[in-house]
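The primary structure of each chain is shown beneath.
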Amino acid sequence: MRLNFELRSLIVTASFFLPCALLAQVPTTKPTTAQAQVLLSTRPDLVAQLRQRFATAGLTKEQVHARLKAEGYPEDMLDNYLPGMTGAADAPSEDVFKAVRALGVMDSSDVAALQGISPSQRVQPATEAKVGNTSLARDTVEKVKAESDSGFAIFGLDVFRGSTSQFEPTLAGPVDANYRLGPGDKLVLILTGDVEMSYSLDVTREGFIVIPQVGQIYVANLTLGQLDQLLGSRLSRVYSGVRGNNQGTTRFSVSVARLRANQVYVVGDVQRPGSYTISSAGTALTALYAAGGPTINGSLRRVDIRRDGRTVDSLDVYDYLIRGDASHDVRLQTGDVIFVTVHGPRVRVVGEISRPATYELKPRETLADLVRNAGGFSATASRQRVLIDRIVAPDQRRGPGRDRITIEVSADVLLAGTGAAVPLQNGDVVRVFPISERVRNRIVVGGNVNQPGAQGLTPGMRLSDALRKVGLKSDTYLGEVLVTRLRSDSTRVQLRAVLADTTGRVIDDLPLQEDDEITVYSLTTFRPSRYVAIGGAVNSGGRFPYREGMTLRDLVLLANGVQESAWLKEAEIARLPVNRDSGRTALTVRVPLDSTYLFERGPNGEYIGPPGPPTSAAGAPEVLLKPYDNVLILRQPNWELQRTVTIQGEVRFPGAYALKNKTERLSDLVARAGGLTDEAYADGIVFARGQFGLGRVGIELSTALKRYESSDNLILRDGDNITIPPFNSIVTIRGAVNQPTNVAYVRGKGIDYYIGAAGGPTRTGDDDRAYVVQPSGKLESVKHRFVLPSSMPQPRPGSVVTVPEKDPADKKDYIAMAGQVGQIVAGLVTVILLARK
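Quick summary incoming for the structure in this document.

The rules behind the values
Residues numbered from 1 in each chain as written. Predicted model: local features only at pLDDT ≥ 70, side-chain atom pairs only at ≥ 80, totals over all residues. Heavy atoms only, no water. Salt bridge = Lys/Arg side-chain N within 4 Å of Asp/Glu carboxyl O. Buried < 20%, exposed > 50% of the residue type's maximum accessible area, 1.4 Å probe, protein only. Core = buried A, V, L, I, M, F, W, Y, C linked by side-chain atoms within 4.5 Å. Helix = DSSP H or I, 4+ residues; strand = E, 2+ residues; numbered from the N terminus. Contact = heavy atoms within 4.5 Å. Polar contact = N/O pair within 3.5 Å; in protein donor to acceptor, adjacent residues only side chain to side chain. Pairing = 2+ DSSP bridges. Axes fitted to C-alpha atoms, helices over the stretch in contact; angles between N-to-C directions. Phe/Tyr/Trp six-rings, centres within 6.5 Å; stacked < 30°, edge-to-face > 60°.

Glancing now at the pattern of salt bridges. Throughout the structure, instances matching the rule amount to 32 salt bridges. Residue Asp-304 pairs with Arg-306 through a salt bridge whose shortest N-O separation is 3.7 Å. Residue classification places Arg-306 among the partly exposed residues on the basis of a relative accessible area of 34%. As a salt-bridge pair, Arg-505 and Asp-501 come within 3.3 Å of each other at their nearest N and O atoms. Overall, the relative accessible area of 44% leaves Arg-505 in the partly exposed class. By relative accessible area, Asp-501 is classed as partly exposed at 22%. Connected through salt bridges with shared partners, the residues Arg-301, Asp-316, Lys-362 and Glu-365 form a single ionic network.

Right under this line is the structure:
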């Protein structure tokens, strides 16, 4: 157990002691898991602690090898950490920790402490997100959370690890009558009544105060109460109205305006031993807190206060923390020494206890004292038995593997209170077990009842009694109620009963037994989820739950009404067929509609939608729907809102125009826009069609204006956008040319002229595949002909010439081509010679 505490001490010391040595009063924080991993890899003394742990376990090298082999690990896996090994060793890995746990040398909490995981990280699930992405840290946190053991935190140490003012003395408020005065204190004397005076009095180094007209008074080591009595005697000699009991016509009061500072020494097993300057109202706890509290090895049960070479008192911190008793927390004086000894026997208590922790014991303290210090048994503690895991004393061990024993404390000494006077030893682990999770004398009713849940089983209770308590719902299935009964061998048997009505009356009522589970069923659970569907010219089509008596009008309302395009003469209903022969899946019927299905109307009841909806006169009969009917509200033929196209640029009246009919063409739109302006460049038209994401369409506007039936005179569609630009006399050359540029248009020049004007193609430019995008958007490329010259396109004003890069995969084999040409020429010569003969 001692080594277990030392392992955790290293982690705590690394995070608290080192920074506090530089700045004693700065609050410290606990290391993160990542910081602890760095600490493990850079602190060789932690490896020494692991070696010491093996030494304490008493295992020989041969025993370790045998156990590792039995657990499936390499035999020499832990050799670097065995006693007697010297030199550096690698930081313990996760596999090393697993092997150590498998051997029983450490448990999961010991490993977690060695890795620097704090108790708060072991308990709070949310902390896992703070430990970073280290898989080792996540795995360890999960395993420690699942570990049933607890109580590794040493009780009381956490009080001194945080930043708090609970031990600081009151500096501004009054002090009590037992406060002893000394050099450095500043007093205030106030006289009232016949004399109104106040004096500020400093206690000199020699311990005197000087009061005008009264003289010098020695006050060192006097309490404030004793000073009151002395002043009553001395002031009465000068002021006639002052009486010894302070009840005369002149009254006085004296208080401490400023406390002096004492220098004390905190030594022993504390976090930051040294000299401390504290207020004269400070106590032993004040000094102990200033020094960071005891270390892992320090005692909380015996803190000696030494003055002038002798012990004047001994503080038991447990008295203060557990019982609120501060009677031994004496005020300190200059030169006092607070000495923290090494801790006494420690015992860990875990399980169903109010404060699971590791507690220090005083001589002759027993199990009853331990349970009392731990807050007593919890409500869920089973007092039938308590186990004590004990390390056998060295002189009582009877061979290897007999170092630990288990002692069971019987129930008769536990039922009365906190436990018996069972003696405890250093390193004991006291385990308090929980009561059984099973709940007796209970039945459970669930299903279609008003108040499902558990019920207490009473003698002679029957099924009808349980059902009447919870109340049956009106749609309860009466045909059967299931009762599941638990047998003594933990198997279950199924029983059943029939209900007479929904009051809970049962035919052939069953007597109930403990742990019976009763399930009541609802008729609703047996019904399929029937629906009807509607689509077509409605605002919100889809499936809707079927209700008995549902009409077509109801379904149209659920679909948020019909659309403006609805054909309100009839609708089609697809219905499940009675006869499914020949693969029939639906039977369709047409049902009449009328104008009353138009729900949008004005205050006078008139329809306010678009003009001319084809409807029948009011009076169409209501149509009852059946489950799974699929209704189609027909749409008016050719019904649609206006189609809009936009024309802009060099026309007289640019804007957005609504098409008159479905066959209106481009030339018609230009005419409606007033025709082209004098600056218009018809061949540069930009015609963009948004339907289906087509984009720009290449057309010749001049041709469309000349011939109405021309393919360039497109029939317009909704969303078309036409732009007529002004004349552009520039030709742009780009792509794989030596100098991409813009040049003036020259009538009659071909594409090769403009490529040459840009410096010709680059080494990687493929002028054989050059092409022109004419201002109308049409694309023209070089056309190669066999034997005859190639056809070169002629760019127009505003066109763009592009020379692409050569395709690396398109490498020509000129030798093979020459061979093929030679064969063709030879064949032609042969044909000519034969023809001449």
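Moving on from the coordinates now.
Moving on: the nonpolar core. Within the largest apolar cluster, 46 residues are counted, with the highest numbers of intra-cluster contacts made by Leu-370 and Val-430. Looking at this core, the element that brings in the most residues is helix 10 (residues 284-290), giving 6 residues. If near-sequence neighbours (up to four positions away) are discounted, Leu-370 is found in contact with Val-347, Val-349, Tyr-359, Leu-361, Leu-424 and Val-430. Core analysis: the second largest hydrophobic core is formed by 25 residues, Tyr-199, Ile-211, Val-214 and Tyr-239 among them.

To continue, consider the environment of Gln-226. When you line up the elements, Gln-226 lands in helix 9 (residues 224-235). Measuring from C-alpha to C-alpha, the distance between Gln-226 and Arg-180 comes to 9.2 Å, with 46 residues separating the pair along the chain. Each residue touching Gln-226, except ones within four places of it in the same chain, is listed here: Arg-180 and Asn-221. Looking at Gln-226, its side chain comes within polar contact range of the main-chain nitrogen of Thr-223, at 3.0 Å.

To continue, consider the side chain of Ser-799. Assignment of secondary structure puts Ser-799 in the loop between strand 35 (779-781) and strand 36 (800-803). Among the polar contacts made by the side chain of Ser-799, one reaches the main-chain carbonyl oxygen of Arg-796 at a distance of 2.7 Å.

Reading across the sheet, the 3 strands line up as 2-1-5 and stay open at both edges, with antiparallel pairing between neighbours. Each edge of the open sheet is held by one strand with a lone partner, namely strand 2 (197-202) and strand 5 (250-258). Along the sheet, successive strands turn relative to each other by an average axial angle of 20°, direction set aside. Where helix 9 meets the sheet, it contacts strand 1 (186-193) and strand 5, and its direction lies at approximately 140° from that of strand 5.

Bringing the packing of aromatic side chains into the picture now. What characterises a pair of aromatic rings is the spacing of the ring centres plus the angle enclosed by the ring planes. On inspection of all chains with the given rule, the structure shows 8 aromatic pairs. Taken together, a centroid distance of 5.2 Å and an interplanar angle of 85° make the contact between Tyr-477 and Phe-526 edge-to-face. One end of the pair, Tyr-477, is in the loop between helix 13 (463-470) and strand 18 (481-486); the other, Phe-526, is in the loop between strand 21 (517-520) and strand 22 (531-536), and 49 residues separate them in sequence. Among the residues examined, Phe-526 registers a relative accessible area of 47% and is labelled partly exposed.

Nothing here speaks to function; it is geometry throughout.
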